[in-house]
Amino acid sequence: MIITKETDHLHIETPLIRSLSLSSKLGSEVLLKLDNTQVSGSFKVRGIGNMCVRALQNNPKAPCFVCVSGGNAGLAACYAGMLLNKPVHVFVPTSTCDFVLQQFQLYPGCQLHVFGEVLDETREQAWEFCEAAGGIFVPPFDHPYIWEGNSTIVDEMVHQLKDGVVPSCIMVAVGGGGLLLGLLEGIKRYPSWKHVAIVAVETKGAHCFNNCVEKNQLIPLKNITSAAKSLGALLPSKVLFERRTNAISYLLSFPMTRLNKHVEVSCVSNGWLLNWPVAPHSVLFTETVS
C-alpha cells in the first residue's frame, strides 16, 4: 500500500447507527459509532495507524515497529505494519489470553514476544529491544500522533450527523485515555460541539483515571483486576489528567458484570452486534438525557 498526502491514514470510515433498543429504553435518540468494524477490530487503528505513518515519514529507514500490548493496540500496530510493509515486534505479558495471541497470527510480519508477568517488565524489555534494533516505538495511547489519529472519529460523526445535528453528550470508554483525548482534540475543530458533554466510563478494577481524579494526583493502580485486562492501564495519560476539570462532564466506573449485562442486552436486541470487553463503541445521545 502506498501512503500519499491525500491518503495518509490506514483506518476506514465506520457506521454511525441508531440503536432502537437503547433509544427506546432511555426515551432519547441513541447512536452507536461502530469502530469495532475496523479491519483490526477496534478504534485503535486510527491512532496507532497515524502514529506509524507519521513516525515512518520522519524516519523512513527504520527497520521495524515495536509495540507493547496485550490487545487492540498491538493488533492495530500489526495491521499498520502489514500495510506499510514493515515488521512489527509485539511484546505481551505472560497473562495474555490464548484468544488474543491467536489474533496476532493473522498478520504477516508480526513477531510476538511473550515476556514478563506484569506490563512494566514487558515494557522494559520492549524498550531495550527497540533501542538495539533502531526501531520505532509505538505506545498504546500516550502520544500526540495517536490523539490526532483518534480525533478523526469526530470528523466522521460531524459528517454523518446530517443537517448540523449536534449530540447532547458522548459516552466513551477509557483505558489509558487515548480515545478520549482524540475526541477532545476533534471537538476543538467544531465550535458548535464545544458544549457537548463527555461521559467517560471505566470498568472497576481498571479505573486508573477515576482513581487519579478521586485522589487528585497521578497515582497508578497496584494491578488490574477487571476481566477487561487488555483495556486497562495502570496510569492514565498525564495530559488527560491535566485536562480533567474542563473537559470531562461525568466520570463513571462499573463492575464488569454490569457491563456484560448491557452487552448481552445489546446482542439480543440487535440480533447481530457482539462486543468483547476490549472493543467499546462510542455512544452518542442526540437528545438531552437525565
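It should be noted that the structure appears before, not after, this text.
Presented here is an overview of the structure given in this document. The model shown is predicted, which means the values in this text are computed figures rather than measured ones.

1. Focus: the side chain of threonine 152
Turning to step 1, where the next piece is worked out: In this structure, threonine 152 sits in helix α7 (residues 152–160).
Turning to step 2, where the next piece is worked out: For threonine 152, the contacting residues outside a window of four places in its chain are His11, Arg46 and Arg189.

2. Let's talk about helix α5 (residues 119–133)
Two residues of an α-helix separated by three or four positions point the same way, owing to the 3.6 residues in each turn.
Turning to step 1, where the next piece is worked out: Between its terminal C-alpha atoms α5 stretches 21 Å, which fits the 21 Å expected from 15 residues at 1.5 Å a residue.
Turning to step 2, where the next piece is worked out: Those residues of α5 lying buried are Thr122, Ala126 and Cys130. The arc that holds the buried residues of α5, viewed along the axis, is 65 degrees, so those residues lie on one side. Turned more than 90 degrees away from the buried face of α5 sit Glu124, Glu131 and Ala132, all of them exposed.
Turning to step 3, where the next piece is worked out: The elements touched by buried residues of α5 are β3 (65–68), β4 (88–92) and β6 (136–138).
Turning to step 4, where the next piece is worked out: Once α5 finishes, glycine 134 follows within two positions and takes phi at roughly 70 degrees, a positive value.

3. Some points on helix α9 (residues 208–215)
Turning to step 1, where the next piece is worked out: Those residues of α9 that sit buried are Cys208, Phe209, Asn210, Asn211 and Cys212.
Turning to step 2, where the next piece is worked out: Following α9 by one or two positions, asparagine 216 has its phi on the positive side, about 60 degrees.

4. With respect to the sheet that holds β3
Turning to step 1, where the next piece is worked out: Pairing is parallel across the open sheet formed by 4 strands, whose spatial order is β5-β4-β3-β6. The open sheet terminates on both sides in strands that have one partner only, identified here as β5 (110–114) and β6. Within the sheet, the average angular offset between the axes of one strand and its neighbour, ignoring direction, is 20 degrees.
Turning to step 2, where the next piece is worked out: Here β4 runs beside β5; their pairing, made up of 5 bridges, is parallel. Note on β5: the bridge partner recorded for phenylalanine 91 is histidine 113.
Turning to step 3, where the next piece is worked out: Helix α2 (residues 44–58) contacts β3 and β6 of the sheet and is inclined by roughly 165 degrees relative to β6.

5. With respect to the environment of valine 53
Turning to step 1, where the next piece is worked out: In this structure, valine 53 sits in helix α2.
Turning to step 2, where the next piece is worked out: Spatially, the C-alpha atom of valine 53 lies 7.9 Å from that of leucine 84, the residues being 31 residues apart in sequence.

The rules behind these values
- Residues numbered from 1 in each chain as written.
- Predicted model: local features only at pLDDT ≥ 70, side-chain atom pairs only at ≥ 80, totals over all residues.
- Heavy atoms only, no water.
- Helix = DSSP H or I, 4+ residues; strand = E, 2+ residues; numbered from the N terminus.
- Contact = heavy atoms within 4.5 Å.
- Expected span 1.5 Å × (residues − 1).
- Buried < 20%, exposed > 50% of the residue type's maximum accessible area, 1.4 Å probe, protein only.
- Arc of directions from axis to C-beta.
- Pairing = 2+ DSSP bridges.
- Axes fitted to C-alpha atoms, helices over the stretch in contact; angles between N-to-C directions.

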